[in-house]
Amino acid sequence: MSASAGTGVFLLSLMSIPMCYLFNSLICNNSAEAFFSTGCTTVLILAISVRFMFKKKVPVDPVFYVFAVYAFLSVVNLIIGLEQDNIIDGFVTFYLKEAAPHINTAHGHMISYWDGCVHYLMYLLMIAAITWGYVLHWSQMLHGLHRDSYRAIGLYWVGSFLMRTIVYILGNAVGKYGTHIGPLFLLHMLYISVSVWTCFRIFSLPSKQDRQLTCTQEDERKSLLHRPLDLLFVIYLIPAFAFCIFRGLIVLDCSSKCCQDYTQQYEPYLKDPSAYPKVQMLVNMLYSGPYYIMTLYGLLVPGCEWMPELTLVHSGALAQAQFSHIGASLHTRTPFSYRVPADSQPIFLLLNVLYTVVPQALCYHCCTKPAFFLRPMPDKKSE
């Protein structure tokens, strides 16, 4: 497969800019049903265009077409975020008026930026992996790497997508926007269904981590005290677990004075009536909490082959969650009483940035140095 297919998807995604402007001009006086029909027509035209562009060299992997459409939609989401911030105007004005109310919340605002920037980059990288058979590595920008990099980025996207979707569905169900369900919500459910299928496709890809060591390496004979970086990660995981549980108790209306003081002084956004921060913290407590315990075990006991992939999924989920939470806590669309106080912002940012960055470093460490997590095979005895 040549690089022309990947380049075609990139150029096709940029077509969303004039298309948004055109459709907004055509339907600005119509109803939400007209917008729904226009959206379906756009997806259909997009799929036909992709098939026409690559009719000579059709990608074998059906996920290619899914990511091609998602790259197009990511640029649309970026346009939505920019117009919400009044940076541009006249591209999605009708959509912002007729869409689900959640899109105009601070949480929906951050999701638009995340999907329009981070997800868009991941889609392009995975498309490059499919078309070229490799992706570009940060430290080797001119060299091809294993197709396993495609799976690694895919797992990171899986975590990000799952976190975004769980919070979106549950937040809409229990928040103040739970009664606002229209045709656009059904279209979003179609997007979720296709994405879940894509997640299973990514999980089914073979991994290079399937191999086993032929003998026990020196790293696996070292204790934790002789692995200083792993020791630092273990030390971090304990307070991270406590912080995760602590914020979960806050959204459960814990009556403890320390919980109330923390909410008032540092994170009043946890009490926002939109319910997205509450659902976010509950998901973190129920899923990130057990993850920290499993990771502690994986760093202490050699041979846990699931560690690299588990850290990839969790890192993607936590990065998406923290980006949305930090941004929404400071955004002007959040009511002033629920924003982080100005004098508390340094501590708020320090805690949340550390809570976000360290798991990314742990993921990078597990994926680039997996020897400790590979299960050694016993040496064969010579007869």
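Conventions we followed
- Residues numbered from 1 in each chain as written.
- Predicted model: local features only at pLDDT ≥ 70, side-chain atom pairs only at ≥ 80, totals over all residues.
- Heavy atoms only, no water.
- Core = buried A, V, L, I, M, F, W, Y, C linked by side-chain atoms within 4.5 Å.
- Buried < 20%, exposed > 50% of the residue type's maximum accessible area, 1.4 Å probe, protein only.
- Helix = DSSP H or I, 4+ residues; strand = E, 2+ residues; numbered from the N terminus.
- Contact = heavy atoms within 4.5 Å.
- Expected span 1.5 Å × (residues − 1).
- Phe/Tyr/Trp six-rings, centres within 6.5 Å; stacked < 30°, edge-to-face > 60°.
- Salt bridge = Lys/Arg side-chain N within 4 Å of Asp/Glu carboxyl O.

S.K.: Got a minute to help me understand the nonpolar core in this structure?
M.R.: Soluble globular proteins tend to pack their nonpolar side chains together in the buried interior. F67, Y70, Y123, M126, Y150 and W157 are the most contacted members of the largest nonpolar core, which has 43 residues in total. At the level of secondary structure, the elements contributing two or more residues to this core comprise α1 (4-14), α2 (16-27), α4 (63-84), α6 (106-132), α7 (148-174), α8 (183-203) and α13 (307-330). Residues within four places of Y150 in sequence aside, it is in contact with D61, V63, F67, M126, A129, I130 and L205. F233, C244, F372 and F373 belong to the second-largest nonpolar core, a separate cluster that totals 27 residues.

S.K.: How should α13 be read in this particular structure?
M.R.: Note: α-helices contain 3.6 residues per turn, so residues at a spacing of three or four share the same orientation. Here α13 is 24 residues long and its end C-alpha atoms lie 34 Å apart, about the 34 Å a rise of 1.5 Å per residue gives. The element α13 is extensively covered by neighbouring structure, given that 19 of its 24 residues are classed as buried.

S.K.: Got a minute to help me understand the packing of aromatic side chains in this structure?
M.R.: Think of a pair of aromatic rings as described by two things: how far the centres are apart, and how the planes are tilted against each other in angle. Going through the model one piece at a time under the given rule, you end up with 17 aromatic pairs. Judged by centre distance (5.7 Å) and plane angle (55°), the rings of Y70 and Y123 are tilted. Separated by 53 residues along the polypeptide, Y70 in helix α4 and Y123 in helix α6 bring together distant segments of the chain. The pair Y70 / Y123 is uniform in exposure class, with both members buried. Each ring, one from F243 and one from Y262, has its centre 6.4 Å from the other, and the planes form 85°; the classification is edge-to-face.

S.K.: Can you help me understand the pattern of salt bridges in this one?
M.R.: Opposite charge on two side chains permits pairing when their charged atoms draw close. Counted by the stated rule, this structure contains 5 salt bridges. One salt bridge in this structure joins E309 and R151, with 2.3 Å as the shortest N-O distance. With E309 in helix α13 and R151 in helix α7, this residue pair connects regions lying 158 residues apart in the sequence. Among the residues examined, E309 registers a relative accessible area of 25% and is labelled partly exposed. A salt bridge links R247 to E267; the nearest nitrogen and oxygen atoms lie 3.2 Å apart. One end of the pair, R247, is in helix α10 (residues 228-251); the other, E267, is in the loop between α11 (257-265) and α12 (276-300), and 20 residues separate them in sequence. One exposure class covers both R247 and E267, and it is buried.

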